[in-house]
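Here are the chains, one letter per residue:
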Amino acid sequence: MGIIVLGSYLSPYTLRVLIELEELGVDYELKLVNLKQGEHRTPEFLKMQPFGQVPVLQDGELTLFESRAITRYLAEKFDGQGTPLLGKSMKEKALVNQWVEVESQNYDRPLISIVEQVVWTPSWGKTTNEEIVAAEMAKLEKVLDIYEVQLTNHKYLAGDFFSLADLGHLPGTHLLVNIGKKGAIFAARPHLNAWWEDISSRPSFKKIMAKTS
Amino acid sequence: MIRILEPYIPLCPEHPEQVYLVCPPALRTWAEQVEDFELVKVDLAAGEQLKPEFLAINPFAEIPVLEWGDFHLYESRAIARYIAEKFKEQGPENFLGKTLEERAVVYQWIESESHQFNDSAFSPWVMEYYLAYYEEKRPVREEVIAPLRARLEKFFDRVEARLSKSKFLAGEYYTMADMNIAPSLWHIMNFEPELITSRKHVKAWYEILTSRPTFKKMLEADAGWPLL
């Protein structure tokens, strides 16, 4: 039995795992969880993931949740196969971890708040709260200024190699820029924009995005 | 020489996003055992973290930061992981997990602590208590605390279920997942102890974590923290 991912194409956290599996060249089975019908809150699902969220990974006897734990596990398990994602030396690995944390703590939080307002809220037939959007955009732009400096000095976030840190930005940024139409904040920052163009032209990303449309 | 830059004042009301409550206080007591080590206090109230010299090493203007020669690392969980990997032999057995699968489960609970507990519940909850008791000298606002308390209750219900099956979060060993949450549990015991004491396994786990010598050392070192 191989790798099974339980998730949804609506979840950027699920997409993160799927993109990585493509980068690693690893076969997997995707079992779709119907979020709209609350399948992630059923007792059967909660047995696997007590916090009721996707994605969940099953690999043999291991059941794993939290997308960044899943992506790290896969990167370590398949290290040496497909794209190297972790960094080589202990210091490189630490810098990858640092930028994974930056994505988790500083980038993803305002980004998801904005995406929730400009993408998901309208899809639920409700009204966007423009005040929240403005406040969260201001927070995100401050973070993007720091990214612009980092990416002026390095091709990718943790150094001159593509890593888990960059990969983690792909699905959320796609939602923000391509679906939420907030690309102007990237276009205004040339090195950030070049980095986004680079990572979003990777075949792994294109392949998974084709499945979501 | 390892230097860890830590807050001089743990609460800076003008910049609440820089309050820092997880991990390095416990971790540094371990780092102390293994290397020439220096703790450097950064004066948040004076805005030291906003000065160019600090921004040059952490442009996000956050603490803690680890400095070792000209290598700098920020983000507490990245720092903790780096120290734990670097000084694996001196640390507790199985601290990050031994096998690939164990390591993944440890990381799963580190992430759960971050997203299900710290960011969405504990951090704003404890902020309200500190602002009320120490800064603004007023009662806590129940309309702020009630929904956060509800989230904490949900989180602890799930942890109670987990700990009824294993001694620690990630399994039978004390790991970084337990270490990361211990200082926060201490604060919860100070303000709303029933969140912990009403749950048999959570209470027993709390007692184990806070009776560890390194935890006690952390409390001594942090003697300036305001506690009720």
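Here the structure is a predicted model, which means the values were calculated and not measured.

A separate point is the overall build of chain B. Each helix and strand in chain B was counted, giving nine helices and four strands. Of the regular secondary structure in chain B, the N- to C-terminal order runs β-α-β-α-β-β-α-α-α-α-α-α-α. For chain B, with 228 residues in total, the buried portion stands at 55%. Taking contacts inside chain B between residues at least 6 apart in sequence as the whole, the part at least 24 apart equals 69%. Surface summary for chain B: the accessible area is close to 9,600 Å², and the carbon and sulfur share equals 53%.

Mapped onto this numbering, the UniProt entry gives "domain: GST N-terminal" (unreviewed entry) at residues 1-82 of chain A. Taken end to end, residues 1-82 of chain A is 37% helix and 22% strand, and its two terminal C-alpha atoms sit 21 Å from one another.

Moving on, we come to the sheet that holds strand E2 (residues 28-32) of chain A. The strands that make up a sheet pair up through hydrogen bonds in the backbone, lying either parallel or antiparallel. Residue and element names in this part refer to chain A. Strand order in the open sheet made by the four strands is E2-E1-E3-E4, with mixed pairing throughout. Only two strands of the sheet have a single neighbouring strand rather than two, namely E2 and strand E4 (62-65). Between one strand axis and the next, the sheet turns through 20 degrees on average, direction left out of account. Running over the sheet, helix H3 (residues 67-77) touches strand E1 (3-7), strand E3 (56-59) and E4 and is turned about 130 degrees from E4.

Let us look at helix H7 (residues 170-179) of chain A. Residues spaced three or four apart along an α-helix point in a common direction, a consequence of the helix completing one turn every 3.6 residues. Residues and elements named next belong to chain A. Most of H7 sits inside the fold, with eight of its 10 residues counted as buried. Those residues of H7 that sit buried are Leu170, Pro171, Gly172, Thr173, His174, Leu175, Leu176 and Val177. Phi turns positive, to about 60 degrees, at Lys181, one or two residues after H7.

Looking now at the interface of chain A and chain B. Listed per partner, the contact involves 31 residues of chain A and 30 residues of chain B. Taken together, the two surfaces of chain A and chain B that pack against each other cover about 3,000 Å², and 63% of this comes from carbon and sulfur. Here chain A is connected to chain B by three salt bridges. A salt bridge links Arg103(B) to Glu76(A); its shortest N-O distance comes to 3.1 Å. With 14 residues, helix H4 (residues 90-123) of chain A is the single largest residue contributor to the side of chain A that touches chain B. Of the residues contributing to the side of chain A that touches chain B, the split by class is 16 nonpolar, seven polar and eight charged.

To continue, consider the packing of helix H6 (residues 176-191) of chain B against helix H8 (residues 200-210) of chain B. Residue and element names in this part refer to chain B. For the pair H6 and H8, interaxial distance at closest approach is 10 Å and the crossing angle is 105 degrees. With respect to H8, the axis of H6 lies roughly perpendicular. Residue-level contacts link Asp178, Ile181, Ala182, Leu185, Trp186 and Met189 of H6 to Trp205, Tyr206, Leu209 and Thr210 of H8.

Our focus in this paragraph is the nonpolar core. Core analysis: the largest hydrophobic core is formed by 120 residues, its most contacted members being Leu74(A), Tyr147(A), Trp125(B) and Trp205(B). With 13 residues, the single largest contributor to this core is helix H4 (residues 100-135) of chain B. For Trp125(B), the contacting residues outside a window of four places in its chain are Ile145(B), Leu148(B), Arg149(B), Leu152(B), His187(B), Ile188(B), Phe191(B), Glu192(B) and Leu195(B). Counting 10 residues, the second largest nonpolar core, distinct from the first, contains Phe71(B), Tyr82(B), Ile83(B) and Phe87(B).

This paragraph deals with the pairing of E2(A). For a regular strand, the rule is simple: side chains alternate between the two faces of the sheet. All names here are of chain A. Pairing analysis gives five bridges linking E1 to E2, with the strands arranged parallel. What sits directly across from Ile4, in E2, is Glu29. As a crossover connection, the stretch from E1 through helix H1 (residues 12-24) into E2 is right-handed.

Attention shifts here to unusual backbone geometry. The linkage connecting Val54(A) with the following residue, Pro55(A), adopts the cis geometry, with an omega of 0 degrees. Across the junction of Ile63(B) and Pro64(B), the peptide omega takes the value 10 degrees, indicating a cis bond. Looking at where Pro64(B) falls in the secondary structure, it is placed in the loop between helix H2 (52-55) and strand E3 (65-68). Residues other than glycine seldom take positive phi values, yet Lys181(A) does so here, at roughly 60 degrees. If you trace the backbone, Lys181(A) turns up in the loop between H7 and helix H8 (184-187). The phi torsion at Asn94(B) lies on the positive side, around 65 degrees, for a residue other than glycine. Structurally, Asn94(B) can be placed in the loop between helix H3 (76-86) and H4. Residue class for Asn94(B) comes out buried when judged on its relative accessible area of 11%.

The subject of this paragraph is the environment of Ile57(B). Residues and elements named next belong to chain B. With respect to the helices and strands, Ile57 occurs in the loop between H2 and E3. Given the relative accessible area of 16%, Ile57 is considered buried. In this structure the C-alpha to C-alpha distance between Ile57 and Leu73, which are 16 residues apart in sequence, comes to 8.1 Å. Residue contacts for Ile57: discarding those within four places in its chain leaves Leu5, Val65, His72 and Tyr74.

This paragraph deals with the pairing of E3(B). Residues and elements named next belong to chain B. Taken together, the four bridges between E3 and strand E4 (residues 71-74) define a ladder with antiparallel strand orientation. Counted as the bridge partner of Glu67 is His72 from E4. Hairpin geometry of E3 and E4 is characterised by an intervening segment of two residues between the two adjacent antiparallel strands and by a positive phi of about 65 degrees at Gly69.

The next thing to look at is H3(A). Of all 11 residues that make up H3(A), nine are buried, and the element is covered over most of its length. Where H3(A) is concerned, the buried positions are Ser67(A), Arg68(A), Ala69(A), Ile70(A), Thr71(A), Arg72(A), Tyr73(A), Leu74(A) and Ala75(A).

How each quantity is defined
- Residues numbered from 1 in each chain as written.
- Chains lettered and ligands numbered in written order.
- Predicted model: local features only at pLDDT ≥ 70, side-chain atom pairs only at ≥ 80, totals over all residues.
- Heavy atoms only, no water.
- Helix = DSSP H or I, 4+ residues; strand = E, 2+ residues; numbered from the N terminus.
- Buried < 20%, exposed > 50% of the residue type's maximum accessible area, 1.4 Å probe, protein only.
- Contact = heavy atoms within 4.5 Å.
- Areas by Shrake-Rupley, 256 points an atom, 1.4 Å probe, with all protein chains shown as cover.
- UniProt positions renumbered as here; feature names shortened; annotations may be inferred.
- Pairing = 2+ DSSP bridges.
- Axes fitted to C-alpha atoms, helices over the stretch in contact; angles between N-to-C directions.
- Buried area = accessible area lost by both parts, 1.4 Å probe.
- Salt bridge = Lys/Arg side-chain N within 4 Å of Asp/Glu carboxyl O.
- Nonpolar A, V, L, I, M, F, W, Y, C, P; charged D, E, K, R; others polar.
- Parallel < 35°, antiparallel > 145°, perpendicular 65-115°, else oblique.
- Core = buried A, V, L, I, M, F, W, Y, C linked by side-chain atoms within 4.5 Å.
- Right-handed = clockwise from strand over helix to strand, strands pointing away.

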